[in-house]
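Descriptive structure summary
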Amino acid sequence: MNVQVLSDQVLLSRYLQGNKSAISQLIERHSRRVRDYIRMMVKDNDVADDIFQETFIKAVRTIDEGRYSDNGKFLSWILRIAHNQVIDYFRARKQIRQVNESDAGYDILGTMRFAEPTVEDHIAMEQTESQLRTLIERLPEEQRQVVKLRYYSNLSFKEIAEQTGVGINTALGRMRYALINLRKMIKEENAALC
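Before going into details, it helps to say that this report is about the structure given with it.

Criteria and thresholds
Position numbers for residues count from 1 along each chain, tracking the sequence in the order it is written. Owing to the predicted nature of the model, reporting of local features is limited to residues with pLDDT of at least 70; listing and counting of side-chain atom pairs is limited to 80 or more, with chain, interface and lining totals taken over all residues. The basis for every side-chain value is the complete set of heavy atoms in the structure, and neither hydrogens nor water enter the calculation. Salt bridges are identified by distance alone: a Lys or Arg side-chain nitrogen within 4 Å of an Asp or Glu carboxyl oxygen. Helix numbers and strand numbers start at the N terminus; a helix is a DSSP run of H or I with at least 4 residues, a strand a run of E with at least 2. Summary of the burial criterion: residues with accessible area below 20% of their type's maximum are buried, those above 50% are exposed, and those between are partly exposed, where the area comes from a 1.4 Å probe applied to protein chains only. Each Phe, Tyr or Trp ring, with Trp reduced to its six-membered ring, pairs with another whose centre is within 6.5 Å; inter-plane angles below 30 degrees give stacked pairs, above 60 give edge-to-face pairs, and intermediate values give tilted ones. Here, a charge over a ring means that NZ of Lys or CZ of Arg falls within 6 Å of the ring centre while also lying within 35 degrees of the ring normal.

1. Here we look at the pattern of salt bridges
- The tally for this structure, following the rule as stated, stands at 11 salt bridges.
- Here Arg39 makes a salt bridge to Asp49, at a shortest N to O gap of 3.4 Å. Of the two residues, Arg39 sits in helix 2 (residues 20-42) while Asp49 sits in helix 3 (residues 45-64), which places them 10 residues apart along the sequence.
- Residues Glu141 and Arg144 are paired through a salt bridge, measuring 2.3 Å at the closest nitrogen-oxygen approach. Of this pair, Glu141 and Arg144 both sit in helix 6 (residues 141-152), three residues apart, which is roughly one turn of the helix.
- The class for Arg144 is buried, based on a relative accessible area of 15%.

2. A word on the packing of aromatic side chains
- One pass over the structure, following the stated rule, counts five aromatic pairs.
- Their ring planes at 50° and their centres at 5.6 Å tell us that Phe74 and Trp77 sit as a pair that is tilted. Here the residue Phe74 and the residue Trp77 both occupy positions in helix 4 (residues 74-97), the gap between them amounting to three residues, near one helical turn. For the residue pair Phe74 and Trp77, the accessibility class agrees, reading buried in each case.
- Its guanidinium or amino end placed over the ring of Phe52, Arg35 lies 3.9 Å from that ring's centre, counting from NZ or CZ.

Next comes the structure, spelled out in C-alpha cells:
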C-alpha cells in the first residue's frame, strides 16, 4: 500500500480551492502536538480541550479571511496561536481571582453580609469621606497634589511624576509622607475614620 503524505502547504492549498476535508487532515496531523502543548501549560484536560478548539477555530477563521501567509511553518504558526490562547486564558483567570472577601460578600470576620448598606451606612461613609477630604486639604501642597492625582484622578506614580515634573521616587516619597501626615492628623483629632 503506497500512501502519499501531503505537505501542509498542499493541504492548505486544497482547502482554499474548496476541498473541506483537507483542513480536517491538517488539523488531525497537528492536533496531538498542539493539544499536548496546551495541556502542559494549563494542566487541566477540560480547559485544554476548550483552548484546543478555540485555537483551531481561530486558525481556520484566519485562513478563511485570507490573512494567513503560507511560509512553510504551519505548525509553528498554530502553536503560536495556541500559546496566545493560553495567555488569554490565564489573563482572564487572573482577573477573576482578584476578588477580595469584601467583594464576595464577606466581612473581616469571615461572616457573610446579609443586607445591603443602610442609609446610616451611607451617611457614615459620606461623613468619613468629608473628614478625609478636609484632612487632605491640610496637607502641604506637594503632598496634597500627589494624593489627589493618585486617588481622585487614578494616575499611576509614573504619570504623577510626569505631570508634576519630578522623579518617580520623589512622587512616591511625597505620597509616603502624605500618608504618614494623614495618620498623624487622624490620631491627633481622634477622627473616627473607618
